[in-house]
Amino acid sequence: MWRQPYFIFGFFILSFFLAGSFVYEWVWGDVPAQTHYLMEDGRAVEAAPISPNWQHPLGTDQYGYDLLGKLMLGAKYTILAALAIAAVRMAIAVPIGYLFGTYFEKQRKWMSSFADSMHYIPLTLFAAYVLTPLLWMPENGFSSTLSERISVQVIIMALLTVPIVSVLVANEAALLRDKEYILAAKTLGAGRFRIIRKHLYPQMREKIAVLYGQQVMETFIILAHLGLLDLFLGGTKVSYDPMFGDPPMSISYEWAGLFGSSFRYLQSAPWLPLAPVVCIGLAIFSVSLMMEGYLRSKNPKIKKIRRQPQEDPVVEWNREQLREKMVRLKNENQSK
Amino acid sequence: MDDKIKKRENFPKGVKGLKFLTNFCIAITGIILAGSLPILIRGWVEGEWRGRLYVESIRETLEGLWPIGEIAFLNYRAGQEMPLFPNIFAYIVYSLEILFLALLVAIITSLTFTIVTMLLSDNIRERVKMILYFLESVPDLLIIMLAQLSVIFFFKETGVLISKIAVAGEDRIYWLPVLCLAVLPTIQLYRLSMLTFQEEERQMYVELAHALGFSKVYIVLIHMFRNAIISVFFQSKRTMWFMLSNLFVLELMFNLPGIMLFLRGNMHPLGFLVTIFSFFLPMFILYSFGEWFFVSRRQNKAVA
């Protein structure tokens, strides 16, 4: 695994963001540098949002905070949340899938038609609908703490697609269960639990790893979509002041929030919404790199599926015969 | 997927109709149960179990459905309550138009590309597959924003507005949203159908057709296409699911007057139910019909 360039590259990107995030907070504190305007020869040349320059590689936001700093500070929330959501989801869905794949064969059909119906509910919409009461700040402030809200959100988002993932696992397990070696194990007296532990799980380890990667990628996308709807990781700060209400704001600097709160600046300051989305894209990209590297390390043959035409004298002889016959047939047909 | 089809072949006709109905009922029950979920979650955040309120809310929602002509909804644009019917149809039709146009574009382009790539050598194919795999990780938001920015840039440079980038008032824009919505599904379907076609290529009948001297184009177009399209159809359900989320974001970013934007103004159980239902029905019918069509065709062939 660690020899695959794909895996190492993906791992490097992801750990760069994560480690960078913690180091940034440790060195510069949890508030990014603020510049209200740029001075040149004693005159103000540009006010916030400042476009990208040497001092601020990604420019600043509308209040003058350095965007790169915000991105680095927010990285840990977004990445860890996505990894955690996918992990919780797998931790719930895989055992359920195995149960349905081995113990409850009859109920598997019901389960899969239930999961099938979920394919008609757009995930973003469902997540937004269910999470609004949790994340949207009520008029008199939140009654829960930030970490409470984040953990509840992680669990809810994980639960949303548990049926679909567990049906995937169950169907896969059911396919494997019909194999001969499982039958042999059963005949020798292996219990169902032993079959799951010793036969099904090792066989499906790679598939489960890939499934986990896909869930992480999906979660990143959903988080970004939720950001567009002003539902940010860990809660949305809403100003209920009727006169000078601030737009909804993210409490942490997580990426979805950075994107969602700056989306309306797309035309005047395109770097503001673009940078967080590019970061999310990079994170997704690195996960897919890691998945590809992992798969390659597990079955190195993946690159060479090319079939070599076998040199076999019998086959050659047959081919020759066939060719002769066909030529003869063709000639006969023409002579008719 | 294959063994599923084979199993279904044994069913008599009536059972299949029943299966359709049960699936339909399960789906509806699931949607209704999901509609009142926020109540449970709000209870959870405040640390209490609100089972009774949840049941109450489901009951209210179902009762609210009854005089169906009298349901009123807040109109996001007009800023006032309006009767649901027939106003909602304009929203639904517009959303479905964009959704299905994009799906059609995605299917046609991805299949065309697949057929062209299948005629190329193995080396190039693997490379194309690799590129597609990584292209899939581009977020949809990025595509939409880049499209909007490039339209603005083009307008600034040449003074020609290719397409409006946001809807104001009642007008409709089509091709730019459809294009944005179609890009990612195209990539996904392209990779999927490449895999399916390659799987199909290893089958014996392809080898036989080769041996009989049919040209590569003919085999891919006539023989493999027919068999591969079934798998692609079954896999496209997942793509469709993913497109629905994208449609939601698209309507927000282009400010399109569609069904998803309608829901944003009506975030309560009844609104959720109506919204989900409006595209659940056409899609469910389409997929059930497609399943029936492909399975019955396969069955006929097996008999003959």
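All of these numbers come straight from a predicted model, not from anything done at the bench.

## Comments concerning the overall build of chain A
Piece 1. When helices and strands are counted, chain A shows 11 helices and 4 strands.
Piece 2. Relative to its full complement of 336 residues, chain A shows a buried share of 48%.
Piece 3. Within the structure as shown, chain A displays about 17,900 Å² of accessible surface, and the carbon and sulfur contribution to it stands at 61%.

## Quick notes on the overall build of chain B
Piece 1. A count of helical and extended segments in chain B gives 12 helices and 2 strands.
Piece 2. Order of helices (α) and strands (β) in chain B, N terminus to C terminus: α-α-α-α-β-β-α-α-α-α-α-α-α-α.
Piece 3. Put simply, chain B has 304 residues, and 47% of those count as buried.
Piece 4. Partitioning the contacts of chain B with sequence separation of at least 6, the portion at a separation of at least 24 is 75%.
Piece 5. Per element, the accessible surface of chain B, about 15,500 Å² overall, is 68% carbon and sulfur.

## Let's talk about the pattern of salt bridges
Residue and element names in this part refer to chain B.
Piece 1. Evaluation of the coordinates by the stated rule reveals 13 salt bridges over all chains.
Piece 2. Among the salt bridges present, the one from Arg125 reaches Asp122, with a minimum N-O distance of 3.5 Å. Pair noted here: Arg125 and Asp122 are both in helix H6 (residues 122-135), with a separation of 3 residues, about one helical turn.
Piece 3. Residue Asp122 is classed as partly exposed on the basis of its relative accessible area, which comes to 32%.
Piece 4. Close ionic contact of Glu136 with Arg191 constitutes a salt bridge, the shortest N to O distance being 2.8 Å. On the criterion of sequence distance, the pair formed by Glu136 in the loop between H6 and helix H7 (140-158) and Arg191 in helix H8 (residues 175-201) is long-range, its members being 55 residues apart.

## With respect to the packing of helix H2 (residues 67-102) of chain A against helix H5 (residues 146-160) of chain A
Residue and element names in this part refer to chain A.
Piece 1. Packing of H2 against H5 brings their axes to within 8 Å, and their N-to-C directions diverge by 50°. Overall, the two elements H2 and H5 adopt an arrangement that is oblique. As for the relative orientation of H2 and H5, their crossing is right-handed in sense. From H2, Tyr77, Ala84, Ile85, Val88, Arg89 and Ile92 reach across to H5, where they touch Ile150, Val154, Met157, Ala158 and Leu159.
Piece 2. Looking at the contact of H2 with H5 residue by residue, the classes come out as 10 nonpolar, no polar and 1 charged.

## What to know about the packing of aromatic side chains
Piece 1. Using the criterion set out here, one finds 20 aromatic pairs over all chains in the structure.
Piece 2. Ring plane angle 55° and centroid distance 5.1 Å describe the contact between B:Phe233 and B:Phe294, whose orientation is recorded as tilted. In this pair, B:Phe233 is assigned in helix H10 (residues 216-254) and B:Phe294 in helix H12 (residues 269-303), connecting sequence segments 61 residues apart. Note on accessibility: B:Phe233 and B:Phe294 belong to one class, buried.
Piece 3. Joined through ring pairs, the aromatic side chains of B:Phe233, B:Tyr287, B:Phe289, B:Trp292, B:Phe293 and B:Phe294 make up one cluster.
Piece 4. Above the plane of the ring of A:Phe22 lies A:Lys76, whose end atom (NZ or CZ) is 5.5 Å from the centre.

## Focus on the nonpolar core
Piece 1. Grouped together as the largest cluster of nonpolar side chains are 138 residues, with contacts concentrated most on A:Phe220, A:Trp255, B:Leu99 and B:Phe272.
Piece 2. A:Ala93, A:Ala185, A:Ile196 and A:Leu200 belong to the second largest nonpolar core, which has 18 residues in total.

## Quick word on the interface of chain A and chain B
Piece 1. Contact with chain A, which involves 55 residues of that partner, is made by 57 residues of chain B.
Piece 2. Looking at the side of chain A facing chain B, the largest losses of area belong to A:Tyr120, A:Leu125 and A:Tyr129, adding up to 17% of the total buried there.
Piece 3. Taken together, the links from chain A to chain B amount to 1 salt bridge.
Piece 4. Measuring nitrogen to oxygen at the nearest pair gives 3.8 Å for the salt bridge that ties A:Glu218 to B:Arg238.
Piece 5. On the surface where chain A and chain B come into contact, there are 5 residue pairs in polar contact (both at pLDDT 80 or more).
Piece 6. Those elements that place two or more of their residues in the side of chain A that touches chain B are helix H3 (105-118), helix H4 (123-135), H5, helix H6 (162-177), helix H8 (192-228) and helix H10 (271-298) of chain A.
Piece 7. Considering each element in turn, the side of chain A that touches chain B owes the most residues, 12 residues, to H10(A).
Piece 8. Taken together, the residues that form the side of chain A that touches chain B break down as 37 nonpolar, 11 polar and 7 charged.

## Quick word on the confidence of the model for chain B
Detailed reading of the predicted coordinates is not advisable wherever pLDDT is low.
Piece 1. In this model, chain B carries a mean pLDDT of 78, and residues with pLDDT of at least 70 account for 85%.
Piece 2. The low-confidence segment residues 1-12 of chain B, where pLDDT is below 50, has 11 contacts with residues more than four positions distant or belonging to other chains.

## Regarding the environment of B:Arg52
Piece 1. In this structure, B:Arg52 sits in helix H4 (residues 51-65).
Piece 2. Along the sequence, B:Arg52 and B:Leu40 sit 12 residues apart, while their C-alpha atoms lie 9.6 Å from each other.

## Examining a nonpolar patch on the surface
Residues and elements named next belong to chain B.
Piece 1. Nonpolar side chains collect at one region of the surface, where Leu119, Leu208, Leu212, Phe214, Val217, Tyr218, Leu221 and Ile222 lie side by side and expose about 670 Å² of accessible area between them.
Piece 2. With 4 residues, the top contributor of residues to the nonpolar patch is H10.
Piece 3. Relative to the elements of secondary structure, Val217 occurs in helix H10.

## Comments concerning the side chain of B:Glu251
Residue and element names in this part refer to chain B.
Piece 1. Within the secondary structure, Glu251 sits in helix H10.
Piece 2. The class for Glu251 is buried, based on a relative accessible area of 2%.
Piece 3. Once you skip the residues sitting within four places of it in the chain, Glu251 turns out to touch Ser95, Leu256, Gly258, Ile259, Met260 and Leu261.

## Considerations on the environment of B:Arg125
All names here are of chain B.
Piece 1. The class of Arg125 is buried, set by a relative accessible area of 2%.
Piece 2. Here the alpha-carbon distance between Arg125 and Ser36, two residues 89 residues apart in the chain, equals 48 Å.
Piece 3. Those residues in contact with Arg125 that sit more than four places away from it in its chain are Thr117, Met118, Leu120, Met194, Gln198, Glu201 and Lys216.

## Describing the side chain of B:Thr114
All names here are of chain B.
Piece 1. With respect to the helices and strands, the residue Thr114 is situated in helix H5 (residues 87-118).
Piece 2. By relative accessible area, Thr114 is classed as buried at 0%.
Piece 3. A polar contact of 2.5 Å, which involves the side chain of Thr114, links it to the backbone oxygen of Ser110.
Piece 4. Sequence-distant contacts of Thr114, that is, excluding residues within four places in its chain, are made with Tyr190, Ser193, Met194 and Phe197.

## Digging into the environment of B:Thr61
Residue and element names in this part refer to chain B.
Piece 1. For Thr61, the location among the structural elements is in helix H4.
Piece 2. Residues Thr61 and Leu273, 212 residues apart in the sequence, show an inter-C-alpha distance of 8.7 Å.
Piece 3. Here Thr61 is in contact with Ser36, Pro269, Leu270 and Leu273, once residues within four sequence places are set aside.

Calculation rules
Residues numbered from 1 in each chain as written. Chains lettered and ligands numbered in written order. Predicted model: local features only at pLDDT ≥ 70, side-chain atom pairs only at ≥ 80, totals over all residues. Heavy atoms only, no water. Helix = DSSP H or I, 4+ residues; strand = E, 2+ residues; numbered from the N terminus. Buried < 20%, exposed > 50% of the residue type's maximum accessible area, 1.4 Å probe, protein only. Areas by Shrake-Rupley, 256 points an atom, 1.4 Å probe, with all protein chains shown as cover. Contact = heavy atoms within 4.5 Å. Salt bridge = Lys/Arg side-chain N within 4 Å of Asp/Glu carboxyl O. Axes fitted to C-alpha atoms, helices over the stretch in contact; angles between N-to-C directions. Parallel < 35°, antiparallel > 145°, perpendicular 65-115°, else oblique. Left-handed = near helix turned anticlockwise from the far one by under 90°. Nonpolar A, V, L, I, M, F, W, Y, C, P; charged D, E, K, R; others polar. Phe/Tyr/Trp six-rings, centres within 6.5 Å; stacked < 30°, edge-to-face > 60°. Lys NZ or Arg CZ within 6 Å of the ring centre and 35° of its normal. Core = buried A, V, L, I, M, F, W, Y, C linked by side-chain atoms within 4.5 Å. Buried area = accessible area lost by both parts, 1.4 Å probe. Polar contact = N/O pair within 3.5 Å; in protein donor to acceptor, adjacent residues only side chain to side chain. pLDDT = per-residue confidence, 0-100. Patch = residues over 30% accessible without salt bridge, like charges linked within 9 Å, V, L, I, M, F, W, Y side chains within 5 Å.

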